[in-house]
Amino acid sequence: NVREQRDTTPQRRAAAREALENQIAGYRLVELRKARGLTQQQVATTMGISQRRVSAIERGDIDRSELTTLRTYIEALGGQIHFGAVDGWIRSYRQ
């Protein structure tokens, strides 16, 4: 049975869910940046990091990011971020 062969442990499902949530959060950050007419390079310069790191954040590579990095990203867009843990993930981005 193919279904039995899949690794569907609770840990694997949780990791997949977290990866998807990170990708969604990254997509939302892209939307915010584009709505403000900014390039990744402009955000990177404002933040004092590389454009590659901004790209990684926007692709959902958020696990590696510190909260200060995410706050700095949002501030580079002219916004504020308020953190609140829900189901183990930060859910509250505010423009």
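The model shown is predicted, which means the values in this text are computed figures rather than measured ones.

(A) Structural detail: the overall build of the protein. When helices and strands are counted, the protein shows 5 helices and 4 strands. The order of helices and strands in the protein, counted from the N terminus, is α-α-α-α-α-β-β-β-β. Within the span of the protein, comprising 95 residues, buried residues form 32% of the whole. Contacts in the protein between residues at least 24 apart in sequence constitute 49% of all its contacts with a sequence separation of at least 6.

(B) Broad picture of the nonpolar core. By size, the foremost hydrophobic cluster in this structure holds 15 residues, and its most contacted members are L29, V43, M47, V54, Y73 and I74. Elements with a contribution of two residues or more to this core: helix 2 (10-35), helix 3 (40-47), helix 4 (51-58) and helix 5 (67-76). With 4 residues, the top contributor of residues to this core is helix 5.

(C) Up close: the environment of L67. In this fold, L67 is placed in helix 5. In this structure the C-alpha to C-alpha distance between L67 and I81, which are 14 residues apart in sequence, comes to 9.8 Å.

(D) A look at the pattern of salt bridges. The final tally for this structure, using the stated rule, is 3 salt bridges. In this structure, R53 engages D61 in a salt bridge whose closest nitrogen and oxygen atoms are separated by 3.6 Å. The class for D61 is partly exposed, based on a relative accessible area of 24%.

(E) Layout of helix 5. The complete set of buried residues in helix 5 reads L70, Y73, I74 and A76. The arc that holds every buried residue of helix 5, seen down its axis, measures 160 degrees, which confines them to one face. G78 sits one or two positions beyond helix 5 and adopts a positive phi of about 85 degrees.

(F) Just helix 4, in detail. Most of helix 4 is tucked away: 6 of the 8 residues are buried. Immediately downstream of helix 4, the backbone of G60 shows phi near 100 degrees, a positive value.

(G) Just the side chain of E58, in detail. Here E58 shows up in helix 4. In this structure E58 comes out as buried when scored by relative accessible area, which is 7%. Every residue in contact with E58, bar those within four places of it in the chain, is listed here: G26, Y27, V30, R33, Q40 and Y73.

(H) Broad picture of the environment of G78. Mapped onto the elements, G78 comes out in the loop between helix 5 and strand 1 (80-81). It is 8.6 Å that separates the C-alpha atoms of G78 and R36, two residues lying 42 residues apart in sequence.

Parameters at a glance
Within each chain, residues carry numbers counting from 1 in the order of the written sequence. Local features in this predicted model are restricted to residues of pLDDT 70 or higher, and side-chain atom pairs are both shown and tallied only at a pLDDT of 80 or more, whereas totals for entire chains, interfaces and linings draw on every residue. As a rule here, side-chain values come from all non-hydrogen atoms in the structure, and water together with hydrogens is ignored. Numbering of helices and strands runs from the N terminus, with a helix taken as a DSSP run of H or I at least four residues long and a strand as a DSSP run of E at least two residues long. Only protein chains enter the calculation, and the probe is 1.4 Å; a residue is then buried if its accessible area is under 20% of its type maximum, exposed if over 50%, and partly exposed in between. Whether two residues touch is decided by their heavy atoms; if any such pair falls within 4.5 Å, the residues are in contact. The nonpolar core is taken to be a set of buried Ala, Val, Leu, Ile, Met, Phe, Trp, Tyr and Cys residues, with the residues joined through side-chain atoms within 4.5 Å. Just to be clear on terms, a salt bridge is a Lys or Arg side-chain nitrogen sitting within 4 Å of an Asp or Glu carboxyl oxygen. Note: the arc covers the axis-to-C-beta directions of the helix.

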